[in-house]
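# Residue-level structural notes
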Amino acid sequence: MVLLERKRVKARKKHHCDMCGKVIEVGEEYEAQHIIGDDGPYTFHQCDRCAPYVNEIWARGFFGYYDDGLDPAIFEEYMWDNHRDVVSKWDGIDYD
């Protein structure tokens, strides 16, 4: 994987966050990463609500359980393991 560019953009059309699946609405700012992967070029979209948690994961490193890197499934599992209250709200679950 080769990261060509990372930048903040304002959505001109609706996208989905590639980490959590949240809809990124027209006019909403988000991070776009232009990447060359094994299957060719693509744009990775990341919403602002995921950013602090993705940064947290990168800061902690992928020791042990997360050695395979970060993808949506690992992100979701990390969130359930470490931020159950946050991901529950994202999923509309109220434990109170």
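Check the entry above for the structure.
For the structure given in this document, a descriptive report is provided here. (Residues numbered from 1 in each chain as written. Predicted model: local features only at pLDDT ≥ 70, side-chain atom pairs only at ≥ 80, totals over all residues. Heavy atoms only, no water.)

### Notes on the side chain of Glu-31
Using the following cut-off: Only DSSP runs of H or I covering at least 4 residues are called helices, and only runs of E covering at least 2 are called strands; the numbering of each starts at the N terminus. Polar contact is the term for a pair of N or O atoms within 3.5 Å; when the atoms are in protein, one must be able to donate a hydrogen and the other to accept it, and sequence-neighboring residues count only if both atoms are side-chain atoms. The contact criterion used is simple: two residues touch if any of their non-hydrogen atoms lie within 4.5 Å.
For Glu-31, the location among the structural elements is in strand 4 (residues 29–37). Among the polar contacts made by the side chain of Glu-31, one reaches the side chain of Arg-6 at a distance of 3.3 Å. A distance of 2.5 Å separates polar atoms of two side chains, one belonging to Glu-31 and the other to Gln-33. Every residue in contact with Glu-31, bar those within four places of it in the chain, is listed here: Arg-6, Lys-7, Arg-8, Phe-44, His-45 and Gln-46.

### Some remarks on a negative patch on the surface
This is how it is decided: For patches, a residue must show more than 30% relative accessible area and have no salt bridge; joins then use 9 Å for like charges and 5 Å for nonpolar side chains, namely Val, Leu, Ile, Met, Phe, Trp and Tyr. Here the open area of atoms and residues is found with the Shrake-Rupley method and a 1.4 Å probe, where only the protein chains shown may cover a residue. Salt-bridge detection follows one rule: a side-chain nitrogen of Lys or Arg within 4 Å of a carboxyl oxygen of Asp or Glu. In summary, the charge assignment counts Lys and Arg as positive and Asp and Glu as negative, without counting His or the chain termini. To locate a charge, take atom NZ for lysine, CZ for arginine, CG for aspartate or CD for glutamate. A 1.4 Å probe rolled over the protein chains alone gives each residue an accessible area, and that area as a share of the maximum for its type sets the label: buried under 20%, exposed over 50%, partly exposed in between.
Among the surface-exposed residues, Glu-76, Glu-77, Asp-81 and Asp-91 lie close enough to one another that they form a single negatively charged patch. For Glu-76, the position within the fold is in helix 2 (residues 72–82). Residue class for Glu-76 comes out partly exposed when judged on its relative accessible area of 44%.

### Let's talk about the sheet that holds strand 1 (residues 2–10)
Here is the rule we go by: Note on pairing: DSSP must find at least two bridges between two strands before they are called paired. Helix axes are fitted only over the stretch in contact, all axes being lines through C-alpha atoms; the angle between N-to-C directions runs from 0 to 180 degrees.
Ordered in space as 1-4-5, the three strands form an open sheet in which the pairing is antiparallel. Unpaired on one side and paired on the other, strand 1 and strand 5 (40–46) mark the two borders of the sheet. Strand-to-strand twist across the sheet, computed as the mean angle between neighbouring axes with direction ignored, equals 20°. Of the pairings in the sheet, the one linking strand 1 to strand 4 comprises eight bridges and is antiparallel in character. Residue pairing for strand 4: Val-2 is matched across the bridge by Ile-36.

### A few points about the nonpolar core
Burial of nonpolar side chains together is a common tendency in soluble globular proteins. Selection criterion: We call a set of buried Ala, Val, Leu, Ile, Met, Phe, Trp, Tyr and Cys residues a nonpolar core when their side-chain atoms join them within 4.5 Å.
Membership of the largest hydrophobic core comes to 22 residues, with the highest contact counts inside it found for Met-19, Cys-50, Leu-70, Phe-75 and Met-79. Ranked by the residues each element gives to this core, the list is headed by helix 2, at five residues. Beyond its immediate sequence surroundings of up to four residues, Phe-75 is in contact with Met-19, Cys-20, Cys-50, Tyr-53, Val-54, Ile-57, Leu-70 and Trp-90.

### Here's the deal with a nonpolar patch on the surface
Together, Val-2, Leu-4 and Ile-36 make up an exposed nonpolar region whose accessible area comes to about 260 Å². Its place among the elements puts Leu-4 in strand 1.

### Let's talk about the packing of helix 1 (residues 51–60) against helix 2
Geometry of a packed helix pair, given as the angle between the helix axes and the separation of the axes. Convention followed: An angle below 35 degrees is treated as roughly parallel, one above 145 as roughly antiparallel, one from 65 to 115 as roughly perpendicular, and anything else as oblique.
One can describe the packing of helix 1 onto helix 2 by two numbers: an axis separation of 11 Å at closest approach and a directional angle of 90°. Relative to helix 2, the element helix 1 is oriented roughly perpendicular. Two secondary-structure elements touch here, helix 1 through Tyr-53, Val-54, Glu-56, Ile-57 and Arg-60 and helix 2 through Phe-75, Tyr-78, Met-79 and Asn-82.

Remember, this is a structural readout, not a statement about activity or role.
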